[in-house]
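For reference, the chains in residue letters:
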Amino acid sequence: MPYYGILADLPTWSAVLLCAALLLGVVFVGAPLWVLATAVATLAVAFGMPWWGWLLVAPPFTVLLVRPLRRALLGNRLLQLLRSSGFLPSISDTEREAIAAGTVWLDGELFSGKPDLRRLATAGYPDLTDEERAFLDGPVETVCRMTDDWRVHQERDLPPEVWDYLRQQRFFGLVIAKEYGGLGLSASANSAVVARLTSRSMPLAITVMVPNSLGPAELLSHYGTEAQKRRWLPALADGREIPCFALTEPGAGSDAGAIASTGVVFRAEDGTLMLRLSWNKRYITLAAVASVLGLAFQLHDPDNLLGKGPQPGITCALIPTSTPGVVLGRRHDPMGVPFYNCPTSGKDVVVPLEEAVIGGAAGAGRGWQMLMECLAAGRGISLPATAVGGAQLVARAVGAYAAVRQQFGLPIGRFEGVEEPLARIAGANYLLEAARRYVCGALDAGQKPAVVTAIAKYNTTELWRAVINDGMDVLGGAAISRGPRNLLAHGYIGTPICITVEGANILTRTLMIFGQGAIRCHPYAYAEIDAIARNDRLAFDRSFWPHIGHVLRNAVRATLLGLTRGWLTWSPSAGVTRRHWRTLNWASAEFALLADIAMGALGGDLKRKEKITGRFADWFSWLFLASATLRRFEAEGRRREDEPLLHWSLDHAFARMQQAREGLCDNLRLPGLGHALRWPGGLWARLNPFGRGPSDAVGQRAAKVLLQPGSQRDRLTPCIHLPKDPGSALGRLEHALVLCNDAEPVLKKLKDAVRQGRLPKARPAQLLDQACESGLLTEAERRLVQAAELARAEAIAVDSFTLDEYLRRSDPDTAELAQTR
């Protein structure tokens, strides 16, 4: 009997199921349109479709498969409809350059709905070179020991000897190539340096971070002429020149494209092309002490001397601050954190164009592109590293304090109310370091993933804010009493600075992560928008129809993965991570489908639905952070002792995705359908969640990591400056933690003796003599407990000041007035 005869004889329900299974399978694996059509035709033949059935099926498939016919009958009409309706978002030139800046990396995989899990699991995770490690353990450690953060805040500046050491060791040339006198560090090493400096002093970290972030050195390295590089880079590397970069203005903050500073091209009497610059900038770090000012401005060329028209656009230039007309000298006071942050202005400042404009005349009008490309990479280094260093300091200090500080005869870290924030601190630190290493691995491989670095900047700084808040809660009065012993107060005060700079977090979340990500990371959206803007029929055809197939495939994938809770997914790793990889794949498929629904239904209006785009940004961010966490676990050898940290981080990540998912289902209003997603989508999301957050048991195991000295605690905080001096604030806590941990078995012996009636009820320290006399303790054990109790008391002490000391510390003028009274 022919093959199709067997199929034709099947019962109707069996035939339908077989047909559906084949079609769903073809769609699920992501087959192109012609394969789907072939599958349909094969099934039609197999089931003996009558001639009139072919008349119904053949025309639409012929139109879809024959490209000239498809373009003539469908594609061209759709293109004109989309152009005339204004359905898709309009994109300004500055937005276009921002979207086009950098590269698409693993963010493209996650946005596709069908991520290559093997690629996520094996992405680069580089370590430092021996030379970089030597710099981190040598000069970086030295300058940390030289810096007293309390003194820096009291004197409102780094000590002169620290400034001198930074220059001598070329800290201002971390990213400058060795051939120009710099250190030529990788992104991973640059990040590690900033993280360690932050764990010692935020003003120290900012002073080093800014010259190695967006500014003259980086712009010159990538876009400067050879003459400009030779002129400036060696002097920047050794600190003879101190740079700043002036971008923000009163009317141009988040909307940096609204820059009002101007530069007018004119020809001098000797024929040299010159620039006449005027600007009014604010929030410019290092400006008051800078010797060279990087400036972003609108270039005007009324006589078209450059041949680029009268308005070439945003341009970047270097201006020696000694140039007549440059105004410096005033300072802002950002939250009382003593780093140089200043306004600067200039009026009719005249400089030679070829020397000043980065890249010479060829760089005129390319400033916005330069800035966006540099930020596409740099946003993933400095502020995430600051967040990591700050968070690791909190983990180290708060964990030690919670183990040492006792109430009701127990370390406070054993109380569940304290255990809960300790678990959040531990889990967030595991996740933060994973994200830092993951992103730096991409940057070291030559990627410039603009959306990924925006995810990193936003989420790491927000996590640090949550970590420092939890730390303040645990330490209580010890955290709010400022002084040399307080390790958290300055970080708590300074955290909003990192939230604000390099793209305020509200903007980054609502506009950049998903607003740019939806266009840049989507497999087809950018090509479609570009084709529509250019009225390119061929390009539109090549992107639109595959996009339709992409939506259908993700609809099938999201449905099947949802029904099986991801169990149809192949996992790149067995064991404890398998369920997490499956959930990640499922969450990616549903995210991609819902994103396409929102983009297709709202079009350009989605750009203005910032509450919606913010929730998409959260979902997308946590997809990436979950991937980074899984990669860390794999890269570090799948250590069994790290499983509580892994599970806490991923359970938290999936709960955050679930929160965004439910919020979208509840609030995404589709034209003509209203809140159609609220009931079926919202109900499905709640009945079948990605996750509900870490359990109490997992949290308990994660919190214990912070309370026990040892290698796991060290690996959780690898970036920190750990002073060996027990007289320093952190050294004092660490010393007490070790002693108290060593004394714990002895204290337990005393408590057991009290319960058994062998010793009277009293505090352990009061029983030492009696316990030794009775032979219960040795003399060594007694000395150990005494040393631990002394260290405990010293570790939990807080600072206090005389009235005169307090007034002098707060305000010298106030102190002088108090003396006269």
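Scoring rules and cut-offs
Note on numbering: residues in each chain are counted from 1, in written sequence order. Under the rules for a predicted model, residues below a pLDDT of 70 receive no local features and side-chain atom pairs below 80 are neither given nor counted, while totals for whole chains, interfaces and linings still include all residues. Just so you know, side-chain values use all the structure's heavy atoms and leave hydrogens and water out. To qualify as a helix, a DSSP run of H or I must reach at least 4 residues; to qualify as a strand, a run of E must reach at least 2; elements of each kind are numbered from the N terminus. Buried residues are those whose accessible area, probed at 1.4 Å on protein chains only, stays under 20% of the maximum for their type, while exposed residues exceed 50% and partly exposed ones sit between those limits. Throughout, a residue-residue contact means that at least one pair of heavy atoms, one from each residue, lies within 4.5 Å. Working definition of accessibility: Shrake-Rupley area with a 1.4 Å probe, residue cover restricted to the visible protein chains. In this analysis, axes come from line fits to C-alpha atoms, helices being fitted only over the stretch in contact, and the angle between any two N-to-C directions falls in the range 0 to 180 degrees. Following the grouping adopted for this structure description, the nonpolar residues are Ala, Val, Leu, Ile, Met, Phe, Trp, Tyr, Cys and Pro, the charged ones are Asp, Glu, Lys and Arg, and the polar ones are all others, Gly among them. The rule for pairing is simple: two strands pair if DSSP sees at least two bridges between them. Each helix should span, by expectation, one fewer than its residue count multiplied by 1.5 Å. To get the bend at a given residue, fit one axis to the seven residues ending there, fit another to the seven starting there, and take the angle between those axes. Any two rings among Phe, Tyr and Trp, with Trp reduced to its six-membered ring, count as a pair given centres within 6.5 Å; such a pair is stacked if its planes are under 30 degrees apart, edge-to-face if over 60, and tilted if neither. In this scheme, Lys NZ or Arg CZ marks a charge over a ring once it lies within 6 Å of the ring centre and within 35 degrees of the ring normal. A residue's pLDDT is the predictor's confidence in that residue, given on a scale from 0 to 100. Put simply, a salt bridge is a Lys or Arg side-chain nitrogen that is within 4 Å of an Asp or Glu carboxyl oxygen. In this tally Asp and Glu are treated as negative and Lys and Arg as positive; neither His nor the chain ends contributes.

Colleague: Before we move on, can you summarise the overall build of the chain with the specific residues and values?
Modeller: Regarding its fold elements, the chain presents 36 helices and nine strands. Expressed as a percentage of its 821 residues, the buried residues of the chain come to 54%. A separation of at least 24 residues holds for 75% of the contacts in the chain among residues at least 6 apart in sequence. Total accessible area on the chain is roughly 34,900 Å²; 56% of this is exposed by carbon and sulfur atoms.

Colleague: An account of the packing of helix α12 (residues 187-200) against helix α19 (residues 416-444) is needed here, citing residue identities and associated values.
Modeller: α19 packs onto α12 with a crossing angle of 140° between their chain directions and a minimal axis gap of 8 Å. Counting all contacts with α12, which are made through Ala187, Ser188, Ser191 and Ala192, the residues of α19 involved are Arg436, Cys440, Gly441, Leu443 and Asp444. Among the residues making up the contact of α12 with α19, the classes are represented as four nonpolar, three polar and two charged.

Colleague: Please give an account of the pairing of strand β4 (residues 292-300) that cites residues and values.
Modeller: Within β4, eight of the nine residues are buried, which leaves the element mostly enclosed by the surrounding structure. Here strand β1 (residues 243-246) runs beside β4; their pairing, made up of four bridges, is parallel. Looking at the pairing, Cys244 lines up with Leu293 of β4. In the sheet, strand β2 (residues 262-267) pairs with β4 via three bridges, with the strands oriented parallel. Of the residues in β4, the one forming a bridge with Gly263 is Leu299. Here eight bridges tie β4 to strand β5 (residues 313-320), and the two strands are oriented antiparallel to one another. Note on β5: the bridge partner recorded for Gly294 is Leu318.

Colleague: Can you explain helix α9 (residues 130-146)? Please cite residues and give values.
Modeller: With 17 residues, α9 should cover 24 Å at 1.5 Å per step; its first-to-last C-alpha distance of 24 Å lies within 8% of that length. At Val140, α9 shows its largest kink, close to 30°. Buried residues in α9 make contact with α11 (160-168), α12 and α13 (202-209).

Colleague: With reference to specific residues and values, describe the pairing of β2.
Modeller: Bridge count between β2 and strand β3 (residues 273-285): six bridges; the pairing is antiparallel. The partner of Val265 across the bridge, within β3, is Leu275.

Colleague: A description of the packing of aromatic side chains should follow, citing residues and the corresponding values.
Modeller: Under the criterion given, the structure shown has 21 aromatic pairs. Taken together, a centroid distance of 5.1 Å and an interplanar angle of 80° make the contact between Phe111 and Phe591 edge-to-face. Residue Phe111 is located in helix α7 (residues 106-112), and its partner Phe591 is located in helix α26 (residues 578-602); the two are separated by 480 residues in the primary sequence. In this structure Phe111 comes out as buried when scored by relative accessible area, which is 0%. Here the aromatic rings of Phe514 and Phe616 are separated by 4.5 Å at their centres, their planes lie at 10°, and the arrangement is stacked. Of this pair, Phe514 sits in helix α23 (residues 505-520) while Phe616 sits in helix α27 (residues 610-635), and the two are 102 residues apart along the sequence. A relative accessible area of 1% means that Phe514 is categorised as buried. Under the relative-accessibility criterion, Phe616 is labelled buried at 0%. Taken together, the ring pairs in this structure connect Phe111, Phe514, Trp586, Phe591, Phe616, Trp619, Phe620 and Phe690 into an aromatic cluster. Geometry around Trp232 places Arg231 over its ring, the cationic atom sitting 3.7 Å from the centre.

Colleague: Requested: an account of the confidence of the model for the chain, with residues and values cited.
Modeller: Scored by pLDDT, the chain comes out at a mean of 89, with 90% of its residues at no less than 70. Segment residues 1-8 is flagged for pLDDT under 50; beyond a separation of four residues in sequence, or across chains, it makes nine contacts in the model. Within the model, the stretch residues 812-821 combines pLDDT values under 50 with six contacts to residues more than four positions away or in other chains.

Colleague: Account for the pattern of salt bridges, with residues named and values stated.
Modeller: Side chains that differ in charge, positive against negative, can pair when their charged atoms come close. Under the counting rule described, the total for this entry stands at 43 salt bridges. Arg151 is paired through a salt bridge with Glu161; the nearest N and O atoms lie 3.4 Å apart. Highlighted residues: Arg151 in helix α10 (residues 149-155) and Glu161 in helix α11, separated in sequence by ten residues. Residue Glu161 is classed as partly exposed on the basis of its relative accessible area of 37%. Members of the salt-bridge network, linked through shared partners, are Arg396, Arg713, Asp714 and Glu734.

Colleague: Got a sec to walk through the side chain of Glu643? Specific residues and values, please.
Modeller: Here Glu643 shows up in helix α28 (residues 643-667). Although buried, Glu643 forms no salt bridge, and the nearest oppositely charged side chain, Arg640, lies 4.1 Å from it. Once residues within four sequence positions are removed from consideration, Glu643 is found in contact with Val576 and Phe633.

Colleague: Before we move on, can you summarise the environment of Leu730 with the specific residues and values?
Modeller: Mapped onto the fold, Leu730 is located in helix α32 (residues 729-755). Taking relative accessible area as the criterion, Leu730 reaches 4% and is therefore assigned buried. In sequence terms Leu730 and Ala397 are 333 residues apart; their C-alpha atoms lie 6.5 Å from each other. Not counting residues within four places of it along the chain, the set of residues in contact with Leu730 comprises Leu393, Arg396, Ala397, Leu487, Ile720, His721, Leu722 and Pro723.

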